[in-house]
Amino acid sequence: MAEIDLPTVRRFEAAGFRAWPARTSFYDGTWSVRLTPDMTARRLNSINPLDLSDGRDIERRVGLLKARFAEAGRPVTFRISPLASPQLVGHLDRAGWSVITPSLVMKADLAGLKTAEGDGVEEVSAERFIDAAIALDNLDPANAEGFGRLIDRIQPQVALFHIAIDGVPAANAICVRDGQVAGLFEVATAREFRGRGLGRKIVAAALDRARAQGASTGWLQVEAGNKTALDLYGSLGFATIYPYHYRGQPETTT
């Protein structure tokens, strides 16, 4: 991976906040704090440090934020990108905060997107998408109402894509176009339909649509250990621009 460009990191971190908005957001210094009591996803319930120089008074600030997270019924979780200060990372290391889900942010130039036939890919309503996500085992039914509210909060242009085979939910993807950047979220294929190229088909169709509407760059977040997804995205022209991971407080991760 090439040297990390911090302005690029800031750009895509901001795009991620807009594309996947938390129910409540506020700042502690330059830490963006995101809380969503009706969803369990870490990216919606995390502290996101955004300035390499902000490493002051960490222990006191973390203590106060623990109370805010407890009120929301969520454990305190940090999302550590290249924007996190070395002082904060060192503090978390010494205090035994566990590394959770190492992940990558990737992007692709849509002008060179390697597309595929989009036959069978349809744009669907939020209700139908949510039903399909549950059937694909990509959404806990307990989070269905919160997920619907999340979709309603998205301010940039959002499109929900679905593939059904003989009436059976087979694949899902969300594309959020924010000006010239288009983010992919919740890409999933049913276990029984994997290996048929449906992931490639639905991702390419979503990005084709975004490109037709003016997007020039596609981007996504993916777990670093998900080789199948990395192979798919790499074959479509995506390349890693920076890594991130979560940190869980010692008393909640064993």
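Everything discussed here concerns the structure shown above.
All of these numbers come straight from a predicted model, not from anything done at the bench.

**Quick look at the side chain of Ser-32**
Along the polypeptide, Ser-32 turns up in strand β2 (residues 31-35). The contacts of Ser-32, once residues within four sequence positions are left out, are Phe-17, Phe-26, Tyr-27, Ser-46, Ile-47, Asn-48 and Leu-50.

**Side note on the pairing of strand β9 (residues 181-189)**
Two faces, one strand: in a regular strand the side chains alternate between the faces of the sheet. β9 sits mainly inside the fold: 8 of its 9 residues count as buried. With 7 bridges connecting them, strand β8 (residues 168-178) and β9 associate as antiparallel partners. Counterpart to Ile-174 in the pairing with β9 is Phe-185. Between the antiparallel neighbours β8 and β9 lie 2 residues, among them Gly-179 with a positive phi of about 65 degrees. Examined bridge by bridge, β9 and strand β10 (residues 217-223) share 4 bridges and lie parallel to one another. What sits directly across from Gly-183, in β10, is Trp-219. Read as a crossover between parallel neighbours, the route from β9 over helix α6 (residues 198-212) to β10 is right-handed.

**Here we look at the pattern of salt bridges**
In total, this model carries 13 salt bridges according to the counting rule given. A salt bridge links Lys-227 to Asp-231; the nearest nitrogen and oxygen atoms lie 2.7 Å apart. With Lys-227 and Asp-231 both in helix α7 (residues 227-235) and 4 residues apart, this pair spans about one turn of that helix. Asp-231 sits in the partly exposed class, given a relative accessible area of 44%. Connected through salt bridges with shared partners, the residues Asp-28, Asp-54 and Arg-61 form a single ionic network.

**Section: the packing of helix α4 (residues 126-135) against helix α5 (residues 144-153)**
Between α4 and α5, the least distance of the axes is 10 Å, while the angle of their chain directions is 140 degrees. Judged by the angle between their axes, α4 and α5 are oblique. Pair α4 / α5 crosses with right-handed handedness. Judged by residue contacts, Ala-126, Phe-129, Ile-130 and Ile-134 of α4 engage Ala-144, Phe-147, Gly-148 and Ile-151 from α5.

**Concerning unusual backbone geometry**
A positive phi angle, near 50 degrees, is found at Thr-101, a position not held by glycine. Relative accessible area serves as the criterion here: at 23%, Thr-101 is assigned to the partly exposed category.

**Topic: the nonpolar core**
Of all hydrophobic cores here, the largest spans 34 residues; its most connected members are Cys-175, Leu-184, Ile-202, Leu-207, Tyr-233 and Phe-238. Listed by contribution, the elements that provide at least two residues to this core are β5 (98-109), β7 (157-165), β8, β9, α6, β10 and α7. Ranked by residues supplied to this core, first place goes to α6 with 7 residues. For Cys-175, the contacting residues outside a window of four places in its chain are Gln-157, Val-158, Ala-159, Phe-161, Ala-182, Gly-183, Leu-184, Ala-206, Leu-207 and Ala-210.

Basis of the calculations
Every chain is numbered independently, its residues counted from 1 as its sequence is written. It should be noted that, the model being predicted, local features are given only for residues of pLDDT at least 70 and side-chain atom pairs only at 80 or more, the latter also being counted only at that level, while totals for whole chains, interfaces and linings use all residues. The side-chain values count all of the structure's non-hydrogen atoms but skip hydrogen atoms and water molecules. Secondary structure is summarised from DSSP: a helix means a run of H or I of at least four residues, a strand means a run of E of at least two, and numbering begins at the N terminus for each. Residues are treated as being in contact if the distance between any of their heavy atoms lies within 4.5 Å. Each residue is assigned to one of three classes by its accessible area relative to the maximum for its type, calculated with a 1.4 Å probe on protein chains only: buried under 20%, partly exposed between the two thresholds, exposed over 50%. In this analysis, strands are considered paired if DSSP registers two or more bridges between them. Crossover handedness is defined by viewing with both strands directed away from the observer: a clockwise path from the first strand over the helix to the second marks the crossover as right-handed. The rule for a salt bridge is simple: a side-chain nitrogen of Lys or Arg has to be within 4 Å of a carboxyl oxygen of Asp or Glu. The axes are straight lines fitted to the C-alpha atoms, using for helices just the contacting stretch, and the angles between their N-to-C directions are given from 0 to 180°. Orientation is classified from the angle alone, with under 35 degrees giving roughly parallel, over 145 giving roughly antiparallel, 65 to 115 giving roughly perpendicular, and any other angle giving oblique. Should the near helix be turned anticlockwise from the far one by less than a right angle, the crossing is termed left-handed; should it be turned clockwise, right-handed. For this analysis, a nonpolar core means a set of buried residues of the types Ala, Val, Leu, Ile, Met, Phe, Trp, Tyr and Cys, connected via side-chain atoms within 4.5 Å.

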